[in-house]
Amino acid sequence: MAQLSCGIVGLPNVGKSTLFNALTSCIAEASNYPFCTIEPNMGIVEVYDPRLEVLSKMSKSQKLLYATTKFLDIAGLVEGASKGEGLGNKFLSNIRETSAIVHVVRCFVDDDVTHVSGGIDPIRDIEVINTELLLSDLQMIESALERIEKQMKSQKEAPKVKALLERVVAHLNEGNHIRSLELSEEEEELLKPYPLITRKKVLYVANVGEDSLPSLENEYVQRVREYAEKEGSYVLPICAKLEAEIAELDEEERKEYLQSLGLEMSGLQRLIKTSFDMLGLITFLTTGEMETRAWTIHKGESAVSAAGQIHTDIQKGFIRAEVVAYEDIVEAGSRAASKEMGKLRTEGRDYIVRDGDVVLFLHN
């Protein structure tokens, strides 16, 4: 099952740990996810989706299972991390396994919280971290090139790979990240074995103080937006201090507190939604007496591919999918009623699944 995983990076004292702790205070119970070991710097968080509760009541489900997101707190990133300063090298290797980078940037003034470089300058902070990520990629590709040199005669693809990696090195040496390098489909494929950090999409989380509520905007956030726009990255303003307070409340109190501040969603919900959009992820839903569940897939996936997320046997024996849009099943009141109203459709293996589709797969 496609699971969103985000590596949280940022300089010390930018609010990274506050945000991570707020996120992971909502850790999903590990027993729901087989073979899932949660390390101290990793949290698996449920993706709250109000649609599941509605469907669960309708189907009288015994269990309700949300989609999940994995957050990895990448500690030890300081200037010189790529050379092993702080805990750099260890954590830089962790981030290579994630789907996206959440880069927390300090956009608040607080005399009680010292800044590693003195005054508040979000762009300087971003560039310190981005330089370390770039240098780490450069080291990895230069080592790979040394290995490729030795395979030039024995491996057919080696000359192509060498030429591509040389292009990558030149691009990095100019101070550019790999996500800005234009690649052909063949090159994309050749680069897959090299998990480059600067190839990943970035969401800049502009951490503001409580004095910027409820708009979550200030001059520092604006500067981050301008920077991110140039590189085609996303920006999300959040007040990590507020998120930490919200995390300690129960669901009802949380809703009331957010409404009193003029906010519709918590920062966590906005963070997950933005990450899903950034990576082109959607959820389809299944419901019945046993369980109601959300499944994460990539936008554009077919019904037969979505069936494989549930079980490979369902994918292999796929006959057809019975599909009804979430809004239609809610309006009808049940799967049977939506069928009578002509809202339930029978779709083949090539049907492109949409966000919020409630699907029943029929298989051998």
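Residues numbered from 1 in each chain as written. Predicted model: local features only at pLDDT ≥ 70, side-chain atom pairs only at ≥ 80, totals over all residues. Heavy atoms only, no water.

1. Regarding the packing of aromatic side chains
All chains considered together, the criterion is met by five aromatic pairs. Centre to centre, the rings of phenylalanine 284 and phenylalanine 361 are 6.0 Å apart; their planes meet at 85 degrees, and the pair counts as edge-to-face. Note that phenylalanine 284 is positioned in strand 8 (residues 281–287) and phenylalanine 361 in strand 12 (residues 357–363), a separation of 77 residues in sequence. Grouping aromatic residues by their ring pairs yields a cluster made of Phe284, Trp295, Phe318 and Phe361. Over the face of the ring belonging to tryptophan 295 we find arginine 293, whose NZ or CZ atom lies 4.2 Å from the ring centre. (Phe/Tyr/Trp six-rings, centres within 6.5 Å; stacked < 30°, edge-to-face > 60°. Helix = DSSP H or I, 4+ residues; strand = E, 2+ residues; numbered from the N terminus. Lys NZ or Arg CZ within 6 Å of the ring centre and 35° of its normal.)

2. Here's the deal with the pattern of salt bridges
One pass over the structure, following the stated rule, counts 18 salt bridges. Note that aspartate 121 is salt-bridged to arginine 223, the shortest N-O span being 3.1 Å. Placement of aspartate 121 in the loop between strand 5 (100–106) and helix 4 (122–151) and of arginine 223 in helix 7 (residues 219–231) is noted, with a sequence separation of 102 residues between them. You can call arginine 223 partly exposed: its relative accessible area is 32%. Lysine 162 is paired through a salt bridge with glutamate 149; the nearest N and O atoms lie 3.7 Å apart. Of this pair, lysine 162 sits in helix 5 (residues 158–173) while glutamate 149 sits in helix 4; the two residues are 13 residues apart in sequence, bridging distant segments of the chain. When salt bridges with common partners are traced through the structure, they connect Asp49, Arg51 and Asp355 into a single cluster. (Salt bridge = Lys/Arg side-chain N within 4 Å of Asp/Glu carboxyl O. Buried < 20%, exposed > 50% of the residue type's maximum accessible area, 1.4 Å probe, protein only.)

3. A few points about helix 8 (residues 240–247)
Owing to its 3.6 residues per turn, the α-helix brings residues three or four apart onto one side. Within helix 8, burial applies to Ala240, Leu242, Glu243, Ile246 and Ala247. Each buried residue of helix 8 lies within a common arc of 155 degrees when the element is viewed along its axis, so the set occupies one face. Tucked into the core, helix 8 has its buried residues touching helix 1 (16–24), strand 6 (201–207), strand 7 (234–238), helix 9 (251–260) and helix 10 (267–279). (Arc of directions from axis to C-beta. Contact = heavy atoms within 4.5 Å.)

Keep in mind that these numbers describe shape and distance, not what the molecule does.
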